[in-house]
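Chains, contacts and geometry: an overview
Letter by letter, the chains look like this.
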Amino acid sequence: MSIVQQVQWFPGHMAKTRRKITEDLKLVDIVLELLDARIPASSSNPVLREIIRNKPRIVVLNKSDLADPKQTARWVAKYKAEGLCAVQVDSKTGKGLPALYRAIREELKEQIAGWERKGMSGRPIRVMVLGIPNVGKSSIINRMLIGGGAGRAEVRDKPGVTRQNRWFTIGKGFELLDTPGVLWPKFEDPAVGERLAFTGAVKDEILDIEGLAGRLLEVLSCLYPQSLEARYKLKLPEGPVAGHELLELVGRKRGMLVSGGGIDMERAAVTVLDEFRGGKLGAVSLEWT
């Protein structure tokens, strides 16, 4: 059974947020749908896609610094083939933001030309920023605020920080509407729920952390065995290995022992999850295309 198969994650504030987003769509010109570059498909909220409908949209593959660049390039090509503009961004450094500004203007070039014909040259482009929790919406907005604008979006590496819709004025001719992260009522595919939990989009407090970390190690041992071996200085056994055994290997290598010689599995689990989310295991993508 999946670690998060039984999780129902749709608190009241998320239902309220969904209604508010629907109302506010008429106020904006374009939507930026932020996805986690490590899990583009799993981090794309089907509820938000339904709400957006025909509004111009750009897919922003955020946290691209943490993702496998080969896989990210393939995802960009996939979206392009589907008629969607996709841009890679690293919100920590601002890499990719100039390309994002250009993409927004290119996507709205007809509307911009129409504004100019009506004597509205210089009208700010109004952008809604959408995405699941902990995907980096506030970090990108703060990067865009550098060099112009006022205010600052709160940034923490935890889901559920932004609680209300907020407007920010950017010195590059943009007005941004930040929105709280929204998940959907039920993960039909257990693997989707797992990937969201791996990356921190679901609160750790409601999960089996040891089981989650073990399952992550199982996935990484298949996709990036060399990265695991290099990070934890271990040799993976031949063939499939259960997650709890891999977690024990990591804990033992890191000296996470308790009285009697056992492994502090909780401490090992927290370490694995923190190091994966922080990019310490290298550039890793959990969804390939």
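Structural data are supplied above this passage.
Attention here is on the structure that accompanies the text. All values reported here derive from a predicted model rather than from experimental measurement.

The rules we used
Residues numbered from 1 in each chain as written. Predicted model: local features only at pLDDT ≥ 70, side-chain atom pairs only at ≥ 80, totals over all residues. Heavy atoms only, no water. Helix = DSSP H or I, 4+ residues; strand = E, 2+ residues; numbered from the N terminus. Buried < 20%, exposed > 50% of the residue type's maximum accessible area, 1.4 Å probe, protein only. Contact = heavy atoms within 4.5 Å. Areas by Shrake-Rupley, 256 points an atom, 1.4 Å probe, with all protein chains shown as cover. Arc of directions from axis to C-beta. Phe/Tyr/Trp six-rings, centres within 6.5 Å; stacked < 30°, edge-to-face > 60°. Lys NZ or Arg CZ within 6 Å of the ring centre and 35° of its normal. Axes fitted to C-alpha atoms, helices over the stretch in contact; angles between N-to-C directions. Parallel < 35°, antiparallel > 145°, perpendicular 65-115°, else oblique. Pairing = 2+ DSSP bridges. Core = buried A, V, L, I, M, F, W, Y, C linked by side-chain atoms within 4.5 Å.

1. Brief notes about the overall build of the protein
Each helix and strand in the protein was counted, giving 11 helices and 6 strands. Across the 289 residues in the protein, those meeting the buried criterion constitute 51%. Pairs at least 24 residues apart make up 70% of the contacts formed inside the protein by residues separated by at least 6 positions. Total accessible area on the protein stands at roughly 13,800 Å², and carbon and sulfur atoms take up 49% of it.

2. Some details on helix 4 (residues 97–107)
The complete set of buried residues in helix 4 reads Leu97, Leu100, Tyr101, Ala103 and Ile104. In a view along the axis of helix 4, the buried residues occupy a sector of 165 degrees, so they form one face of it.

3. Overview of the packing of aromatic side chains
Counted under the stated rule, the structure contains 3 aromatic pairs. When the centroid spacing of 6.0 Å and the interplanar angle of 35 degrees are considered together, the rings of Trp75 and Tyr79 count as tilted. Pair noted here: Trp75 and Tyr79 are both in helix 3 (residues 69–81), with a separation of 4 residues, about one helical turn. Ring geometry for Tyr224 versus Trp288: centroids 5.8 Å apart, planes at 75 degrees, classification edge-to-face. Of this pair, Tyr224 sits in the loop between helix 8 (209–223) and helix 9 (225–232) while Trp288 is found in the segment after helix 11 (265–277), placing the two residues 64 residues apart along the sequence. A cation sits over an aromatic face here: Arg123 above Trp115, 3.9 Å from the ring centre.

4. Examining the packing of helix 10 (residues 243–253) against helix 11
In contact at an axis separation of 9 Å, helix 10 and helix 11 are set at 90 degrees when each is read in the N-to-C sense. On the basis of their axis angle, the class for helix 10 and helix 11 is roughly perpendicular. Along its contact with helix 10, which presents His244, Leu247, Glu248, Val250 and Gly251, the element helix 11 presents Met265, Ala268, Ala269 and Val272.

5. Regarding the pairing of strand 4 (residues 125–131)
Within strand 4, 6 of the 7 residues are buried, which leaves it mostly tucked inside the rest of the structure. Across 5 bridges, strand 1 (residues 30–36) lies against strand 4 in parallel orientation. Bridging from a neighbouring strand, Leu34 pairs with Gly131 of strand 4. Pairing of strand 4 with strand 6 (residues 174–178), which is carried by 5 bridges, proceeds in the parallel orientation. Opposite Val129, over in strand 6, you have Asp178 as the bridge partner.

6. Thoughts on the environment of Lys63
The residue Lys63 is located in the loop between strand 2 (57–62) and helix 3 in this model. Residue Lys63 is classed as buried on the basis of its relative accessible area of 14%. Sequence separation between Lys63 and Ser91 is 28 residues, and the spatial gap between their C-alpha atoms is 6.7 Å. Leave out the neighbours within four places in its chain, and Lys63 touches Asp36, Ala37, Arg38, Val89, Asn134, Val135 and Gly136.

7. A short note on helix 10
For helix 10, the complete set of buried residues consists of Gly243, Leu246, Leu247, Val250 and Gly251. Considered in projection along helix 10, the buried side chains sweep an arc of 140 degrees and stay on one side of the axis. Every exposed residue of helix 10 that faces more than 90 degrees away from the buried side is listed here: Arg252 and Lys253.

8. Focus on the nonpolar core
Among the nonpolar cores identified, the biggest contains 78 residues, and Ile58, Leu100, Ile104, Ile125, Leu196, Leu220 and Leu286 are the most heavily contacted of them. Looking at this core, the element that brings in the most residues is helix 8, giving 7 residues. Beyond its immediate sequence surroundings of up to four residues, Ile58 is in contact with Ile30, Val31, Leu32, Glu33, Cys85, Val87, Leu100, Ala103, Ile104 and Glu107.

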